[in-house]
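# Topology and contacts: notes
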Amino acid sequence: MTMWVFGYGSLLWNPGFPVSRREVAVLHGYARSFCMTSIHHRGTEDHPGLVLALDETEGANCKGLALSVEAGHEERTLAELRERELISSAYLERDLEVELGDGSVVTAVTYVIDPHHVQYCGGLSLEKQAQMIAHAVGGRGPNTEYLYNTAEHLAEIGLHDQDLDWLAGRVREITA
């Protein structure tokens, strides 16, 4: 059986595991947003950054990539994903159905935000998000890099995200 992972943020450009197939996919009932503070990878406790998370939202849809894990790498991939994504337990690991471009549905390992976790920060204005992203740096580098890479990779696969595009432009203004 094929193991699928749904990528909507850094997994788009840095999956960290061998991928045998990439398919544009839609996850229904969730919205991609900068609704999680980052105190490890893209910020610190003193100067938190922001990372994308899937926020359960009625009527929302998130377009991303369904990534098929290369056969024989499933156990290692899952272990490494858990180490990477569950560092502070702000994300919850779920097996959710995603719809591929041809209409077929697969179940994918998906990381969604726990809205009750202290790192949840849904509802921040885009300007507040831009200010936080522009100035934060964490263990994996500047928060700006995360934003720019994600926005660029979404555009490359034809999935423009208006909020991310606006944020990328505004953060470039702030950091110029």
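This text follows the structure it describes.
About the thresholds
Residues numbered from 1 in each chain as written. Predicted model: local features only at pLDDT ≥ 70, side-chain atom pairs only at ≥ 80, totals over all residues. Heavy atoms only, no water. Phe/Tyr/Trp six-rings, centres within 6.5 Å; stacked < 30°, edge-to-face > 60°. Helix = DSSP H or I, 4+ residues; strand = E, 2+ residues; numbered from the N terminus. Lys NZ or Arg CZ within 6 Å of the ring centre and 35° of its normal. Axes fitted to C-alpha atoms, helices over the stretch in contact; angles between N-to-C directions. Parallel < 35°, antiparallel > 145°, perpendicular 65-115°, else oblique. Left-handed = near helix turned anticlockwise from the far one by under 90°. Contact = heavy atoms within 4.5 Å. Nonpolar A, V, L, I, M, F, W, Y, C, P; charged D, E, K, R; others polar. Core = buried A, V, L, I, M, F, W, Y, C linked by side-chain atoms within 4.5 Å. Buried < 20%, exposed > 50% of the residue type's maximum accessible area, 1.4 Å probe, protein only.

### Some words on the packing of aromatic side chains
On inspection of all chains with the given rule, the structure shows three aromatic pairs. Pairing W13 with Y146 gives two aromatic rings, centres 6.4 Å apart and planes at 70 degrees, and the pair type is edge-to-face. Of this pair, W13 sits in the loop between β1 (4-7) and β2 (19-38) while Y146 is found in helix α3 (residues 143-156), placing the two residues 133 residues apart along the sequence. Aromatic pair F34 and Y146: ring centres 6.1 Å apart, planes at 70 degrees, arrangement edge-to-face. You can see F34 sitting in strand β2 and its partner Y146 sitting in helix α3, a full 112 residues away along the chain. When the ring centre of Y148 is taken as origin, the NZ or CZ atom of R172, which lies over that ring, is 4.0 Å away.

### Notes on the packing of α3 against helix α4 (residues 162-175)
Contact geometry for α3 and α4: axes closest at 9 Å, N-to-C directions at 140 degrees. Overall, the two elements α3 and α4 adopt an arrangement that is oblique. Where α3 crosses over α4, the handedness of that crossing is left-handed. Contact with α3, carried on its side by T144, L147, Y148, T150, A151, E152 and L154, involves L164, D165, L167, A168, V171, R172 and T175 of α4 and no other residues of that element. Class assignment of the residues belonging to the contact of α3 with α4 gives a composition of eight nonpolar, three polar and three charged.

### Describing the nonpolar core
Grouped together as the largest cluster of nonpolar side chains are 52 residues, with contacts concentrated most on F6, F34 and L147. With 10 residues, the top contributor of residues to this core is strand β3 (residues 49-69). Sequence-distant contacts of F34, defined by excluding residues within four places in its chain, comprise L50, V51, L52, C121, Q129, I133, Y146, L147, L164 and L167.

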